[in-house]
Amino acid sequence: FQCWPSSRIEATRCVAPLGCLYTPLKEVSASYMPQVALQYEPIRCVGNQCRAVLNPYCQVDFMSKLWTCPFCLTRNHFPPHYAENISETNLPAELIPQYGTCEYELPINPHDPYQQQQQQGSAAPAFLFVVDTCVHAEELAELADSIQQVLNLLPEDALVGLITYGTNVNVHEVGFEGCSKSFILRGDKEYETSRVAELLGISRGNQFAPPQQQHQNGGANPAAQQPALHLPSGVGKFLLPVSECSFVLENMLEDLQKDPWPVPSDKRTARCTGVALSVAMGLLDAAIPRRGGRVMLFTGGPCTSGPGAIVSRLKTEDMRSHTDLAQNKAPLHAAACEYYAKLAGRATGIDPNPKNKKSQQNQLQQQLQSGACHVVDIFACSLDQVGMLEMKTLVEATGGLMVLGDSFGQSVFKESFKRVFRRWPSEKPGDGDALMMGFAASMEVMTSREFKVSGAIGPCSSLHKMSPNVSDLEVGKGGTNAWSLGGIDPNTTIAVYFDVATATSNNNNPNKRRFLQFLTRYQHMNGRTRLRSTTLCGPWHSDPNDVSPIRASFDQEAAAILTARLAVHRTETEDVGDVLMWVDRSLIRLAAKFADYRPDDPSSFRLPHAFSIYPQFMFHLRRSPFLQLFNSSPDEASYYRYILTRENTSNSLVMIQPTLLSYSFNGPPQPTLLDSQSVRPDTILLLDTFFHVVVFHGETIAAWREMKYHQQEEHASFRQLLEAPQDDAQLIMDSRFPVPRYIVCDQHKSEARFLMAKLNPSVTHHTGEGGGGAQVFTDDVSLRVFMEHLMKLSVQS
């Protein structure tokens, strides 16, 4: 909703969640945001526990040079350099009315050694490749080839390193050119950061500590100390700029061989994925504790050895299934989840269960200055499960990426891996040719007094920051107004949920507005810290007898995604059947609240235009792989759900309700209903489900193609008809991450199931073919039956 009810009870009666979807790195047009980062510190409110940033909604007194914060109503003085020049005709960028979003590049602290490194141009991120050597030799060769190609996409000063693992973990010394040299660590025990540094001979020191910590350690004024600018010994030994070690690293990749340890025929390969992740994170934490970095894990099977194992090595024991998890028959699942949650705590630098408030604040300060810099990405290519379900906690807490494929030679992996390193266009001011990613991101949400923050759902972890604008009603990761995001990219989207704080409506001031501000702090690719401020304003509605302003302001696309994320979050603690019942009840209550109808008369039911397609979204959400576990493994379900909770609005809508285009001789391509009646023998359909792109040929089209009519000159139009959906499919895949699986199929053939499973079953084996189209062999109800039940239940008195 754009317009909110002004009382908590009325907000509850609106049923749909009050929230928004925020994409921190979204590219904003020049009309709404300065295109170059502002090179100074933002002006902040001095109010107690406020610290909001100056924005266009502040009331400015140009005579007395004061501005009033819209969040806490504190009057603030402008600093001298602002007060001298500011006037109604000479405004700074952050007060220009249309600039609701401003990005600041914060000045370098001259007393901070790490920021001195930035100033000297040695702050490029690190990429640590963690390779599973238990896969087949052909798979290993394909993976090595992909990594070699990616080395050419990295900035020349980016640090790279290599870890391989199987029964044990091998940390390769890329700085040693004489021969291949590596440190071998046992694969059956966990390694803390200090132990990794000790075993690898990395001197940590305190040269990257925050400046106030150096002051405490040294006992002298930090301004009088000359900061130490030397790097830890891990840089230059295990991590080197790609321009200096590409030849050595490529030779190491070419020489990779399958794990040599023998594997009995009745056992699985010993694969210590959990230990490899622990070592990789310890290496980055010891060598570059405050510099951005990515641990990129490439795995081809489940972890079977050491901490984090999800299945026994004995082949007599099967991988856990949905039924095993529901019946608590997965003996290693809980321990593995606990282990990866512990690694997530190490990566973010925040204890998930702090013991006291003082430790909370200390951890928050540490996080904002030097934590959550290292991201964990997982690229899993296997026909079996690999443990995505258990490792999801680690990836989500660090803002990492997940890609699930069948083989390292498949385009789903190869192209997706390359697109991690996409760059901004060279003409983009301030960011030209920089990689499209940020590190060490954290987000804080400021609200005016009338409403509070309930929580967030997405790739984030709570910073446990208590504030007056934190609601007692927790949704997702709640109990805070600040979250660690870790790694972010232009598609990273966080869903934030709110709660109206006032108990009763206030009719005294109909012009009262609510204010909301997002403050996202992150480490740019140039090593500098940036702060992006986005401030919004919205109206209140205080008449409980007139819901028309609220009804007209409904955003059904955003509401569908907020509801979908909430449903997916509930599946972590509730049975899927209960979540489906909650979705159904919520839809019925929403329709009963806002639809026009006569009680007990379904034929009089009319939905307002703003709600017209929301029931369709809920219909397809119920049938989606996010809430239906049939024909999917726990890993696949976890993967699909994670992608939904991190993607932007348009991509999420495609996941919930796929798009369908129809191609025929009757005219140009046109969108068509996602319905079984759209399947015709003489048409070609293009289905986009986000994860799959399907080109479906009708029976007649497929027969003409088999007769090779498209190769004859007199049938050039038929050739163009066959090529058009393939060209459009390529356009879809060119701009998407992860790259979808591309499927070309014919009617009545086996792969046609990818299309038929997504269609509304308006024609089934029960109804016959009276209405045309193709039969869908399913017992699911059609959208028509679904809407009939919705109307019947909504109008009940």
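As the structure is a prediction and not an experimental result, all values here were calculated from the model. (Residues numbered from 1 in each chain as written. Predicted model: local features only at pLDDT ≥ 70, side-chain atom pairs only at ≥ 80, totals over all residues. Heavy atoms only, no water.)

Asks: Sorry if this is basic, but what is going on with the sheet that holds strand β27 (residues 692–697) here?
Replies: Across a sheet, paired strands are connected by hydrogen bonds in the backbone, their directions being either parallel or antiparallel. Spatially, the five strands line up as an open sheet ordered β25-β24-β26-β27-β28, and their pairing is mixed. Edge positions in the sheet fall to β25 (667–671) and β28 (741–746), since each of these pairs with one other strand and no more. Ignoring which end each strand starts from, the neighbouring axes of this sheet average 15° apart. Bridge count between β27 and β28: six bridges; the pairing is parallel. Paired with His-692 across the strands is Arg-741, a residue of β28. Each of β24 (659–664), β26 (684–688), β27 and β28 touches helix α21 (residues 716–734); the most contacted strand, β26, lies at about 5° to it. (Pairing = 2+ DSSP bridges. Helix = DSSP H or I, 4+ residues; strand = E, 2+ residues; numbered from the N terminus. Axes fitted to C-alpha atoms, helices over the stretch in contact; angles between N-to-C directions. Contact = heavy atoms within 4.5 Å.)

Asks: I would appreciate a short explanation of helix α8 (residues 273–287) in the present structure.
Replies: It helps to recall that an α-helix has 3.6 residues per turn; residues three or four apart then point in one direction. An ideal rise of 1.5 Å per residue puts 21 Å on 15 residues; α8 measures up with 21 Å between its terminal C-alpha atoms. Among the 15 residues that make up α8, 14 are buried, leaving the element largely enclosed by the rest of the structure. (Expected span 1.5 Å × (residues − 1). Buried < 20%, exposed > 50% of the residue type's maximum accessible area, 1.4 Å probe, protein only.)

Asks: Looking at this structure, I do not really get the state of the cysteines. What am I missing?
Replies: Two cysteines joined by a covalent bond between their sulfur atoms form a disulfide. Applying the stated criterion across every chain yields a total of zero disulfides. Between Cys-134, a cysteine without a disulfide, and Cys-272, which holds the nearest cysteine sulfur, the sulfur-to-sulfur distance is 7.6 Å. (Disulfide = S-S within 2.5 Å.)

Asks: For this particular structure, what's the right way to read the side chain of His-692?
Replies: Along the polypeptide, His-692 turns up in strand β27. Setting aside anything within four residues of it in sequence, one finds His-692 in contact with Tyr-640, Leu-687, Pro-740, Arg-741, Ile-743 and Phe-754.

Asks: When you look at the packing of aromatic side chains in this model, what are you seeing that I'm missing?
Replies: Any aromatic ring pair is given by two values, namely how distant the centres are and how the planes are angled relative to each other. Per the stated rule, a full pass over the model turns up 37 aromatic pairs. Taking 5.8 Å as the distance between ring centres and 40° as the angle between the ring planes, the aromatic pair formed by Trp-4 and Phe-498 counts as tilted. Taken together, the positions of Trp-4 in strand β1 (residues 4–5) and Phe-498 in strand β19 (residues 494–500) put the pair 494 residues apart, joining distant regions of the chain. Note on Phe-498: relative accessible area 7%, which makes it buried. What links up through ring pairs into an aromatic cluster is the set Phe-127, Phe-129, Phe-298, Phe-379, Phe-408, Phe-413, Phe-417 and Phe-421. Between Lys-428 and the ring centre of Trp-424, over which it is positioned, the NZ or CZ distance is 4.8 Å. The ring of Trp-4 carries Arg-514 above its face, with NZ or CZ at 3.9 Å from the centroid. (Phe/Tyr/Trp six-rings, centres within 6.5 Å; stacked < 30°, edge-to-face > 60°. Lys NZ or Arg CZ within 6 Å of the ring centre and 35° of its normal.)

Asks: Quick question: what am I supposed to make of the nonpolar core here?
Replies: The tendency in soluble globular proteins is for nonpolar side chains to be buried side by side. Counting residues in each nonpolar core, the largest one holds 130 residues, and the members touching the most others are Phe-1 and Val-169. Formed by 44 residues, the second largest nonpolar core is a distinct cluster that contains Phe-127, Leu-154, Ala-158 and Val-375. (Core = buried A, V, L, I, M, F, W, Y, C linked by side-chain atoms within 4.5 Å.)

Asks: What should I look at first to understand the packing of helix α4 (residues 137–151) against helix α7 (residues 242–254) in this one?
Replies: A packed helix pair is summarised by two numbers, namely the angle formed by the two axes and the spacing between the axes. Direction vectors running N to C along α4 and α7 enclose 170°, while the axes themselves pass 10 Å from each other. One way to sum up the angle between α4 and α7 is to call them roughly antiparallel. Contacts from Ala-144, Ile-147, Gln-148 and Leu-151 of α4 reach α7 at Val-242, Leu-249, Glu-250, Leu-253 and Glu-254. For the contact of α4 with α7, the per-class residue count stands at six nonpolar, one polar and two charged. (Parallel < 35°, antiparallel > 145°, perpendicular 65-115°, else oblique. Nonpolar A, V, L, I, M, F, W, Y, C, P; charged D, E, K, R; others polar.)

Asks: Before we go on, may I ask you to explain the environment of Ser-411 in this structure?
Replies: Relative to the elements of secondary structure, Ser-411 occurs in helix α13 (residues 411–419). The class of Ser-411 is partly exposed, set by a relative accessible area of 43%. With sequence-adjacent residues up to four places away left out, Ser-411 is seen in contact with Ser-416 and Val-739.

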